Each structure stands twice: as structure tokens, then as C-alpha cells.
Amino acid sequence: MLAITKMISGQLIYPVLSQLLAKYPATGGALFQVYNDLTLAQRWTDVEVLDLPACKRAAIKGQRPTPDTDRGPSICVVVPCSLSESISTSWLRAAFTSLDPLPSEIYVAITSEDTSTVYYKISQGIVKPPV
């Protein structure tokens, strides 16, 4: 079970997030919201929080459960951001190159003030969509 430590502005804070929330306060709300969604609602396992200094934020890496029992869980990386933020191709490139090993895809989680979260799959280069 997840350990919860203190409250900030009425919100419970996880120890794994506290250092990066203090380091990147402008993106802390999106990080907190996406972390809660992935760990509590989507039931991701082996969740790690990664520092992406080039993007001035944190990313979340973990195993996403899959309904396909033959494949097992897949490892994914999610970069949270707020709907009010502007992102660019250079920002996305920095997110990819900050990760080691270099993933073939990442997910950008865009959060809004009403606690909605939308996940966009971003691939490197030009990738043919699945048919």
C-alpha cells in the first residue's frame, strides 16, 4: 500500500513525490493528479518517479496492467502537464532524450482543473498508426 505522509493545502502528499513537488512547484499539481490516477485508479505497479531537469518536471514510470494475460504488464513512461501549459516539439524531444534507456514512446498526461486527465501516446519519428 502507498505510504502517505503530510498534508499540503489539504492534500495528502506521498514521500516519493515530496522532493520533486518542492523542486518543480509549477508542475506539481499535474504530477500529483497523474500519480494518483495511475496508482489508485489504473492500478499501475512498480511505479517510479523520475526527474526530468531538461523539461523542468518529473515523469512517472511503471507497469501498466493489460487485459491480455499472455503478454503481461507493459512498462510505460508518463510525463504530466497541465492544460494551461504550452508544450513544443523541442519540449517533447527533451523528454525523450532525458530518459535512459531511450523509449520508443511516451505518454503525455494533460490534466485540467476539474481533475480530468487525458493521455496522449507520443512516438519518436513518424509511426504508422495501428490498423
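Criteria and cut-off values
- Residues numbered from 1 in each chain as written.
- Predicted model: local features only at pLDDT ≥ 70, side-chain atom pairs only at ≥ 80, totals over all residues.
- Heavy atoms only, no water.
- Helix = DSSP H or I, 4+ residues; strand = E, 2+ residues; numbered from the N terminus.
- Buried < 20%, exposed > 50% of the residue type's maximum accessible area, 1.4 Å probe, protein only.
- Salt bridge = Lys/Arg side-chain N within 4 Å of Asp/Glu carboxyl O.
- Arc of directions from axis to C-beta.
- Contact = heavy atoms within 4.5 Å.
- Pairing = 2+ DSSP bridges.
- Axes fitted to C-alpha atoms, helices over the stretch in contact; angles between N-to-C directions.

Draft legend 1. Looking closely at unusual backbone geometry. Backbone torsion omega between Asp100 and Pro101 reads 0°, so that peptide bond is classified as cis. Of note, the phi angle at Asp46 is positive, near 50°, even though the residue is not glycine. Secondary-structure assignment places Asp46 in strand S3 (residues 45–52). For Thr115, which is not a glycine, the phi torsion comes out positive at approximately 70°. Here Thr115 lies in the loop between strand S6 (105–111) and strand S7 (117–123). Judged by its relative accessible area of 59%, Thr115 falls in the exposed class.

Draft legend 2. Looking closely at the pattern of salt bridges. By the definition in use, this model includes three salt bridges. Note that Arg57 and Glu85 form a salt bridge whose closest N and O atoms lie 2.5 Å from each other. Of this pair, Arg57 sits in strand S4 (residues 57–64) while Glu85 sits in the loop between strand S5 (74–82) and helix H3 (89–98), and the two are 28 residues apart along the sequence. We classify Arg57 as buried; its relative accessible area is 4%. Among the salt bridges present, the one from Lys121 reaches Glu105, with a minimum N-O distance of 3.4 Å.

Draft legend 3. Geometry of helix H1 (residues 15–23). What H1 keeps buried is the set Leu17, Leu20 and Leu21. The arc enclosing the buried residues of H1, seen along the axis, measures out at 110°, which places them on a common side. When the buried face of H1 is taken as reference, the exposed residues oriented beyond 90 degrees from it are Gln19 and Ala22.

Draft legend 4. Geometry of the environment of Val78. Structurally, the position occupied by Val78 is in strand S5. The class of Val78 is buried, set by a relative accessible area of 1%. Put simply, Val78 and Glu105 are 27 residues apart on the chain and 9.5 Å apart in space, counted from C-alpha to C-alpha. Ignoring any residue separated from it by four or fewer positions in sequence, one finds Val78 in contact with Val34, Leu38, Trp44, Ala59, Ile60, Tyr107, Ala109 and Tyr119.

Draft legend 5. Summary view of the sheet that holds S5. The mixed open sheet is built from five strands, whose spatial order is S3-S4-S5-S6-S7. Two strands close off the open sheet at either side, each with one partner strand: S3 and S7. Each adjacent strand pair in this sheet contributes to an overall mean axis angle of 30°, direction not counted. Where S4 and S5 come together, five bridges link them in antiparallel fashion. Within S5, the residue paired with Arg64 across the bridge is Ser74. In the packing of H1 onto the sheet, the strands contacted are S3 and S4, and the crossing angle to S3 comes to about 20°.

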